[in-house]
Amino acid sequence: MKILCVFGEPNYGDAGRGTSHEFANFIPALRSLGHEVVHFDCWNKSLYADFSELNRRFLETVQAEDPDVVLCVLMGYEIWLDTLALARQGSRACFMHWGTDDSWKYEKFSRFIAPTFDVYATTYPSACAKAGADGIDNFVLTQWAANSAAMPEPLPASACRYDVSFVGSAYGNRMRWVGDLHERGIDVACFGYGWPHGPVAEGDIPRNIRGARV
């Protein structure tokens, strides 16, 4: 199949935050399954003069590439609901959205955008239940996964560099949780935007995981 992937290459559309999880993992996984993959960056706003140009370019890409599947991971309403409706009207593709944070985004985002897709994938059973109560019937429960080819055998604890490691941006309650662990004598090495170590390349993430006891 030909799959048009619509999400960002830099994390949160900011090159200073490293490569996004979706770009680093979804595209190689789909290609390894034998699919032809085309990428459209909808997060990096520096590529477009404004949202109008972003939406126009998206429509042009769908028309020019004629994909079998359009797989979107939208941060917000960077691609407008009217644009998605127009794209579906003029395309034979199945339009699918992968919902990443429906524990808190369902009420203000997912339930509004889901009806513009053929399939809405979520990793939260609670979101499926809410969608059913709201009369939205295209939610599918799925889950994150790991690339086994990039995950070497664990090291013995005595050979690990870190007691505990964490990879992810510093936001929300994360700083408080890490601080609480430090107060309990648990040293956590944190990697990602906002932490002292800063972002790490996607190839370094498995090494950081392997090099930690937890």
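How each quantity is defined
- Residues numbered from 1 in each chain as written.
- Predicted model: local features only at pLDDT ≥ 70, side-chain atom pairs only at ≥ 80, totals over all residues.
- Heavy atoms only, no water.
- Buried < 20%, exposed > 50% of the residue type's maximum accessible area, 1.4 Å probe, protein only.
- Helix = DSSP H or I, 4+ residues; strand = E, 2+ residues; numbered from the N terminus.
- Pairing = 2+ DSSP bridges.
- Right-handed = clockwise from strand over helix to strand, strands pointing away.
- Axes fitted to C-alpha atoms, helices over the stretch in contact; angles between N-to-C directions.
- Contact = heavy atoms within 4.5 Å.
- Expected span 1.5 Å × (residues − 1).
- Arc of directions from axis to C-beta.
- 1 Å grid on protein atoms, 1.4 Å probe; cavity = no way out; pocket = protein on both sides within 12 Å on 5 of 7 lines; lining within 4 Å.
- Points joined across faces, edges and corners; volume = space filled by probe spheres on them.
- Nonpolar A, V, L, I, M, F, W, Y, C, P; charged D, E, K, R; others polar.
- Parallel < 35°, antiparallel > 145°, perpendicular 65-115°, else oblique.
- Left-handed = near helix turned anticlockwise from the far one by under 90°.

1. Re the pairing of strand E1 (residues 2-6)
Working note: regular strand, side chains alternate between the two faces of the sheet. Burial of E1 is extensive: five of the five residues sit out of reach of the surface. The sheet contact formed by E1 and strand E2 (residues 36-40) spans five bridges and is parallel. What sits directly across from Cys 5, in E2, is His 39. Viewed along the sheet, the connection from E1 through helix H1 (residues 21-32) into E2 turns out right-handed. Examined bridge by bridge, E1 and strand E3 (residues 69-72) share four bridges and lie parallel to one another. Directly across from Val 6, in E3, lies its bridge partner Cys 72.

2. Notes on the environment of Ala 146
Its place among the elements puts Ala 146 in the loop between strand E6 (139-141) and strand E7 (164-167). Through-space distance from the C-alpha of Ala 146 to that of Pro 10 is 20 Å; in sequence the pair is 136 residues apart.

3. Examining the sheet that holds E1
Read from one edge of the open sheet, six strands run E2-E1-E3-E4-E5-E6, paired in parallel fashion. Each having just a single partner strand, E2 and E6 make up the two edges of the open sheet. Strand-to-strand, the axes of this sheet are offset by a mean angle of 25 degrees, without reference to chain direction. Docked against the sheet, helix H4 (residues 102-113) engages strand E4 (94-99), strand E5 (119-122) and E6, running at close to 175 degrees with respect to E5. Lying on the sheet, helix H5 (residues 125-133) is in contact with E5 and E6; it crosses E6 at an angle near 155 degrees.

4. Some remarks on H1
An ideal rise of 1.5 Å per residue puts 16 Å on twelve residues; H1 measures up with 17 Å between its terminal C-alpha atoms. Among all positions of H1, only Glu 22, Phe 26, Ile 27 and Leu 30 are buried. Viewed end-on, H1 has its buried residues packed into an arc of 95 degrees, placing them on one side of the element. Positive backbone phi, approximately 95 degrees, marks Gly 34, located one or two places after H1.

5. Notes on empty space enclosed by the protein
Summed over the entire model, instances satisfying the criterion amount to one cavity of 30 Å³ or more. The computed volume of the largest cavity comes to approximately 40 Å³. Breaking the lining of the largest cavity down by element, the ones donating at least two residues are E4 and H4. The leading source of residues in the lining of the largest cavity is H4, at four residues. For the lining of the largest cavity, the per-class residue count stands at four nonpolar, four polar and three charged.

6. Here we look at the packing of H4 against H5
In contact at an axis separation of 9 Å, H4 and H5 are set at 25 degrees when each is read in the N-to-C sense. The pairing of H4 with H5 is recorded here as roughly parallel in orientation. Two packed elements cross with a definite hand, and for H4 against H5 that hand is right-handed. Mapping the contact onto sequence places Asp 102, Tyr 106 and Glu 107 in H4 and Ala 127, Lys 130 and Ala 131 in H5. Grouping the constituent residues of the contact of H4 with H5 by class yields three nonpolar, no polar and three charged.

7. Re the pairing of E3
The alternating pattern of E3 places Val 69 and Leu 71 on one face and Val 70 and Cys 72 on the opposite face, and all of these are buried. Note: E3 against E4, four bridges, orientation parallel. From the neighbouring strand, Val 70 faces E4, where its bridge partner is Phe 95. In this fold, the crossover linking E3 to E4 by way of helix H3 (residues 81-89) has right-handed handedness.

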